[in-house]
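For reference, the chains in residue letters:
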Amino acid sequence: MAFDSSFPPAALFDLDGVIIDTEGQYTLFWDMIGRQYLRQVDFGAKIKGETLQHIFAEHFGALQAEQPGIRAALDDFEAKMDMPWVPGFRAFHRSLQAAGWKTAVVTSSSAGKMNSVYRKLPEIPRMFDQILTAEMFTRSKPAPDPYLLGAGTFGLPSGNCLVFEDSINGLKAGRAAAMRVVGLATTNPAETVSRYADITLADFTAFDAEKALAVLRGN
């Protein structure tokens with residue numbers, strides 16, 4: 001869908017691996033869970049971008065009794081994890097605001113996880129026009145539902161929304177929503193991310209609102 005200049009542009013950001021550099025920590029946690037409960041290796045990479053509800057339904061359906069323990073372990077892990085900013089993000093976000101962009105977080109994290117984020121990074125709720133969490137989506141990434149909801153909250157066509165993602169499931173979700181996608185090579189190799197993205201970045205240090213608009217317009 002083409003950009004419509006009669007509407008403002010919007011930036012729709014995943015959280016982990018895009019705004020905060022936390023995906024490496026999650027990989028270690030979910031790899032441990034995969035080995036312990038499923039006897040699988042590299043489980044963390046498999047479930048990137050999925051909501052916890054989807055992970056349980058897809059992979060732990062036969063382990064109903066174990067799910068509360070896994071959830072409690074995840075809650076404890078998230079409360080203690082480090083949450084550094086992805087380099088350049090805050091400056092890039094300021095450039096978007098100055099240029100009149102709408103901004104939203106579109107994350108597979110739960111509202112409870114976001115409360116942990118707000119305790120460590122209290123500026124985040126003030127930075128974004130909307131914050132959409134896992135409880136708001138009917139289907140998890142890689143389905144387009146999260147990003148379509150993001151566009152819908154602003155009343156914007158898909159062509160006016162630029163998705164920022166790092167996981168393969170998230171990149172696919174942006175594509176499925178008929179949006180242009182910026183891939184962050186913070187979690188997966190750049191050559192892998194580039195298969196699903198219009199442009200691939202190592203981080204935001206050399207990116208600004210003008211360059212983002214060029215991507216959104218297909219230039």
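Keep in mind it's a predicted model, so treat the numbers as computed, not measured.

What counts, and at which threshold
Residues numbered from 1 in each chain as written. Predicted model: local features only at pLDDT ≥ 70, side-chain atom pairs only at ≥ 80, totals over all residues. Heavy atoms only, no water. Pairing = 2+ DSSP bridges. Helix = DSSP H or I, 4+ residues; strand = E, 2+ residues; numbered from the N terminus. Axes fitted to C-alpha atoms, helices over the stretch in contact; angles between N-to-C directions. Contact = heavy atoms within 4.5 Å. Buried < 20%, exposed > 50% of the residue type's maximum accessible area, 1.4 Å probe, protein only. Arc of directions from axis to C-beta. Polar contact = N/O pair within 3.5 Å; in protein donor to acceptor, adjacent residues only side chain to side chain. Phe/Tyr/Trp six-rings, centres within 6.5 Å; stacked < 30°, edge-to-face > 60°.

## Considerations on the sheet that holds strand β3 (residues 130–132)
The strands making up a sheet are joined through hydrogen bonds of the backbone, oriented either antiparallel or parallel.
Next up, step 1: Taken together, six strands build an open sheet; the order of strands is β3-β2-β1-β4-β5-β6 and the sheet is parallel. The open sheet is flanked by β3 and β6 (199–201), the only strands paired with a single partner. With strand direction ignored, the average angle separating the axes of adjacent strands in the sheet is 20 degrees.
Next up, step 2: Taken strand by strand, helix α5 (residues 89–98) contacts β1 (10–13), β2 (102–106) and β4 (161–165), and its axis lies near 150 degrees from that of β1.

## Details of helix α11 (residues 209–217)
Since one α-helical turn is 3.6 residues long, residues separated by three or four positions face the same way.
Next up, step 1: Every buried residue of α11 is listed here: A209, A212, V215 and L216. Angular distribution of buried residues about the axis of α11 spans 115 degrees; they occupy a single face of the element.
Next up, step 2: Considering only its buried residues, α11 is in contact with α5, β4, β5 (180–184) and β6.
Next up, step 3: At the N-terminal end of α11, a side-chain oxygen is found 3.3 Å from the backbone nitrogen of E210, two or three residues along, and the residue is D208.
Next up, step 4: Among the residues trailing α11, G218 stands out with phi positive, at a value near 80 degrees.

## Details of the packing of aromatic side chains
Next up, step 1: Summed over the entire model, instances satisfying the criterion amount to 20 aromatic pairs.
Next up, step 2: Here Y37 and F60 contribute two aromatic rings whose centre-to-centre distance is 6.5 Å and whose plane-to-plane angle is 75 degrees, an arrangement assigned as edge-to-face. Of this pair, Y37 sits in helix α1 (residues 23–38) while F60 sits in the loop between α3 (52–59) and α4 (67–80); the two residues are 23 residues apart in sequence, bridging distant segments of the chain.
Next up, step 3: You can call Y37 partly exposed: its relative accessible area is 26%.

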